[in-house]
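Here are the chains, one letter per residue:
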Protein chains: 2
Amino acid sequence: MDFFQCLPLDKARDRIAGSLAGVTVAPETVLLIDALGRVAAQDLRSPEDLPPFSRSTVDGFAVRSADTFGASETAPAFFVVIGEVFMGQAAPMELAPGQAVAIPTGGMVPAGADAVIMLEYTEQPDRQTLLALKPVAPGENMVAKGEDVSAGRRMVKQGQKITPGHIGVLAACGITEVLVRQRVKVALISTGDELVDIHETVQMGQIRDVNSYALGAMLKEAGCQVTLMGIVRDCGADFIEALQKATKDHHLVIISGGSSVGARDYTVEAINALGDPGVLFHGIAVKPGKPTIFGMIHQVPIFGLPGHPVAAMVVSEQVVKPALRLLSGQSEYTEPYRVSASLGRNLASTPGRDDFFWIRLHPQGESYRAEPILGKSGLIGLITEADGMLHIPADQSGLYDGEQVKIMLTRSRE
Amino acid sequence: MDFFQCLPLDKARDRIAGSLAGVTVAPETVLLIDALGRVAAQDLRSPEDLPPFSRSTVDGFAVRSADTFGASETAPAFFVVIGEVFMGQAAPMELAPGQAVAIPTGGMVPAGADAVIMLEYTEQPDRQTLLALKPVAPGENMVAKGEDVSAGRRMVKQGQKITPGHIGVLAACGITEVLVRQRVKVALISTGDELVDIHETVQMGQIRDVNSYALGAMLKEAGCQVTLMGIVRDCGADFIEALQKATKDHHLVIISGGSSVGARDYTVEAINALGDPGVLFHGIAVKPGKPTIFGMIHQVPIFGLPGHPVAAMVVSEQVVKPALRLLSGQSEYTEPYRVSASLGRNLASTPGRDDFFWIRLHPQGESYRAEPILGKSGLIGLITEADGMLHIPADQSGLYDGEQVKIMLTRSRE
């Protein structure tokens, strides 16, 4: 299979998106404290004004701002202090002109008042008398009812991933439960006669199943609920049985290793045997990751990924993750953030193919130097050093040492 | 308290780092599948060579490369095929000069062979005979034993956060359990007579406790195990009791709201009352976040954060998170990644103070436009729009519309 028979990356993504149109996991209600990182299944609007009453942002006196106009140290404005507001309590009084009320930071501004004058700009000759040494503008030193969030305002958009900031604002207006999308349930099947699980003893000629663990971790990091189905031998019947079992209880199935020459045939046959529409493409113009398979068994998307862990991780990042976002109802496809860096060496790339390189970033002044992590296909030792990925699109033939490039971050720094 | 009495941010961080020298949470052993995101408590080295035997990377024939020198389509090299290697099985034969063995991708290269010739560059006039139409170099189309990871190589460094790539390489060499640092146990106490929990009914003058939920989510995202201790009234005795309880079972305690004027005094008194060395600073030259308190009760760091959620989140990001990294034994302090952006408006800043602005990033061509999220202190509604933070250091007096700035990412894009 050469690259001319392969589907370009953008077409592959389009075909996946088309197949998943309308296929979204069901919603479920979770407690607010469990909503972090989940995808909102509906718009979340504030049921009330925030703050629910006007609050002072300083320690001082609530007044009618008009009464302070023209006040100065030499000609202070004069007020009668009619009481005090206590934290956490209603302000029962109503201010008439010329009256003031003592108020702490966060206290409720009483009716009639429209500003707060700070303690340091006042004098009190006696407990009933207040001198204001400065004017205050209407609304000064207070947050008005509904100024932070007005009743009915959308705080979280359907399809957004819920962040700590969202949790804060939802708590502020008393939302204790949230309707979110279920975690996407992913089944991982490894194939290959040479594979053994990490808990087993390796015989000569065998190697351990890396993909179940590395891809499992990537998917967990992306918020999925992962089932490791274990290793299936390269054999038609076992394969079909495993795949059937996986599609029953999961939203997405990944078969890794099943895309090498012999196994690819089993994978394609099994997907086609089990349901409509079956295989939708096999082979994408991406390096590494060419022998990638995509199909649908009824409503369940199936990916066949290369057996080489490094290639499987690239395809997961570039092809599987966009599918996960669609399944979980994320409203917009947003590329990962990119940092600018200066490329550390020449990189060749074949036109007509999207090339991806794992990159290590080294701080360099205000920016970064991007060091491509090179090595034979299948070497996994160096991937632990990667901070991100460099994409050379199909219409470019390579990049030069020192060129400014954009690196997609695949992990955070903390 | 004015800014001249406040500790500069860098000095505050230094004081925290000095206080936490040698204070690291204990290690524990976890299964490999549970190690994602945890901090390695020791260097992890490969107990064996990877791959454990030389493997073919193509379908073809294992040969001695010397036997192919000068081979071409017109003058092919001639081999006797002495057998076949099967996937997942040892290669029992040993090649003599002039011999070849059929081998699949991933198969074990037999003794005596030092290269593999791809199927497409061969012809087989009969089952015992092979013609090689091209020479192969020593090591070509194979990965030698130990070429990926040699026995004893360090795969994860003590103090690194374990990534999916790490999990992959640890799986590859059969490591099923990992020694990691315990999750940092954090107790969150909210203070304020005006606060009620989100599950309670709000009376006039009261507001809901936002910080327990927003900070709790931030800390969970950072890998902590969070205990919500609930709301403590602004009163000396209750306060001391709650703090004592919190320090007993946690590695770090955060009191939020306890740094406003009256409550700050309780917090300082309580920290000093409970143990050495007590309060180490109160007041930092940071906006927002000035009234931040830091102390140690024996080996437990205590932070007093502003009650305003927006300020509390800035301080958590800039001051608490570095402390968490130290406690969890992360080996290096790495700033979050920064993306370049063009500032969307003028921003004033006071020299002598570190200013932080929440930023919304808008894609703009190959880069971003940074829109500062402004608003009165305490407004939380807009923070849900933030993608990152802009830092204006103490030695700058502001930034201009259109200036190139670096935005610290506070959330990932997915």
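For the structure itself, look to the data block above.
Residues numbered from 1 in each chain as written. Chains lettered and ligands numbered in written order. Predicted model: local features only at pLDDT ≥ 70, side-chain atom pairs only at ≥ 80, totals over all residues. Heavy atoms only, no water.

1. Considerations on the overall build of chain A
Turning to step 1, where the next piece is worked out: A tally of regular secondary structure across chain A gives 6 helices and 28 strands.
Turning to step 2, where the next piece is worked out: By the compact-globule yardstick of 22 Å for 414 residues, chain A is too spread out, its C-alpha radius of gyration being 31 Å.
Turning to step 3, where the next piece is worked out: Projected onto its principal axes, the C-alpha positions of chain A cover 95 × 50 × 40 Å.
Turning to step 4, where the next piece is worked out: When the 414 residues of chain A are sorted by exposure, 54% land in the buried category.
Turning to step 5, where the next piece is worked out: For chain A, the proportion of contacts with a sequence separation of at least 24, taken over those separated by at least 6, is 71%. (Helix = DSSP H or I, 4+ residues; strand = E, 2+ residues; numbered from the N terminus. Rg over C-alpha atoms; globule rule 2.2 N^0.38 Å. Buried < 20%, exposed > 50% of the residue type's maximum accessible area, 1.4 Å probe, protein only. Contact = heavy atoms within 4.5 Å.)

2. Some remarks on the interface of chain A and chain B
Turning to step 1, where the next piece is worked out: Opposite the 85 residues of chain A that make contact, chain B presents 85 residues.
Turning to step 2, where the next piece is worked out: Here chain A packs against chain B, burying approximately 7400 Å² in sum over the two surfaces, 62% of which is carbon and sulfur.
Turning to step 3, where the next piece is worked out: At the boundary of chain A with chain B, the tally comes to 4 salt bridges.
Turning to step 4, where the next piece is worked out: Between E194 of chain A and R55 of chain B there is a salt bridge; the shortest N-O distance is 3.6 Å.
Turning to step 5, where the next piece is worked out: Where chain A packs against chain B, one counts 14 residue pairs in polar contact (both at pLDDT 80 or more).
Turning to step 6, where the next piece is worked out: Listed by contribution, the elements that provide at least two residues to the side of chain A that touches chain B are β10 (142-143), α2 (164-172), β15 (207-208), α3 (211-221), α6 (309-327), β22 (338-343) and β28 (404-409) of chain A.
Turning to step 7, where the next piece is worked out: When residues of the side of chain A that touches chain B are assigned to their parent elements, the largest contribution, 8 residues, is made by α2 of chain A.
Turning to step 8, where the next piece is worked out: Here the side of chain A that touches chain B is built from residues that sort into 40 nonpolar, 19 polar and 26 charged. (Buried area = accessible area lost by both parts, 1.4 Å probe. Salt bridge = Lys/Arg side-chain N within 4 Å of Asp/Glu carboxyl O. Polar contact = N/O pair within 3.5 Å; in protein donor to acceptor, adjacent residues only side chain to side chain. Nonpolar A, V, L, I, M, F, W, Y, C, P; charged D, E, K, R; others polar.)

3. Describing the pairing of strand β21 (residues 300-305) of chain B
Residues and elements named next belong to chain B.
Turning to step 1, where the next piece is worked out: Where burial is concerned, most of β21 is hidden: 6 out of the 6 residues are buried.
Turning to step 2, where the next piece is worked out: Two strands pair when backbone bridges link them, and strand β17 (residues 252-256) and β21 are joined in this way by 4 bridges, in the parallel orientation. Pairing of V253 across the sheet is with I302, part of β21.
Turning to step 3, where the next piece is worked out: Two successive antiparallel strands, strand β20 (residues 293-297) and β21, enclose a turn made up of 2 residues, where H298 displays a positive phi of approximately 55°. (Pairing = 2+ DSSP bridges.)

4. Focus on the relation of the copies chain A and chain B
Turning to step 1, where the next piece is worked out: Taken as rigid bodies, chain A and chain B are interconverted by a rotation of 180° and an axial shift of 0.0 Å, the fit giving an RMSD of 0.0 Å. With respect to symmetry, the two chain copies, as superposed, fit the operation of a two-fold axis. When C-alpha positions in chain A are compared against the rotation axis, the closest is assigned to V339 of chain A, at 2.6 Å.
Turning to step 2, where the next piece is worked out: Same-surface contact between copies: 100% of interface residues of chain A are shared with the interface of chain B. (Least-squares fit on C-alpha atoms with pLDDT ≥ 70 in both.)

5. Describing the environment of L130 of chain A
All names here are of chain A.
Turning to step 1, where the next piece is worked out: By the secondary structure assignment, L130 is in strand β9 (residues 129-132).
Turning to step 2, where the next piece is worked out: Sequence separation of L130 and V253 is 123 residues, and the distance between their C-alpha atoms is 73 Å.
Turning to step 3, where the next piece is worked out: Apart from residues no more than four positions distant in its own chain, L130 is found in contact with F61, A77, F78, F79, V81, A100, T122, E123 and Q124.

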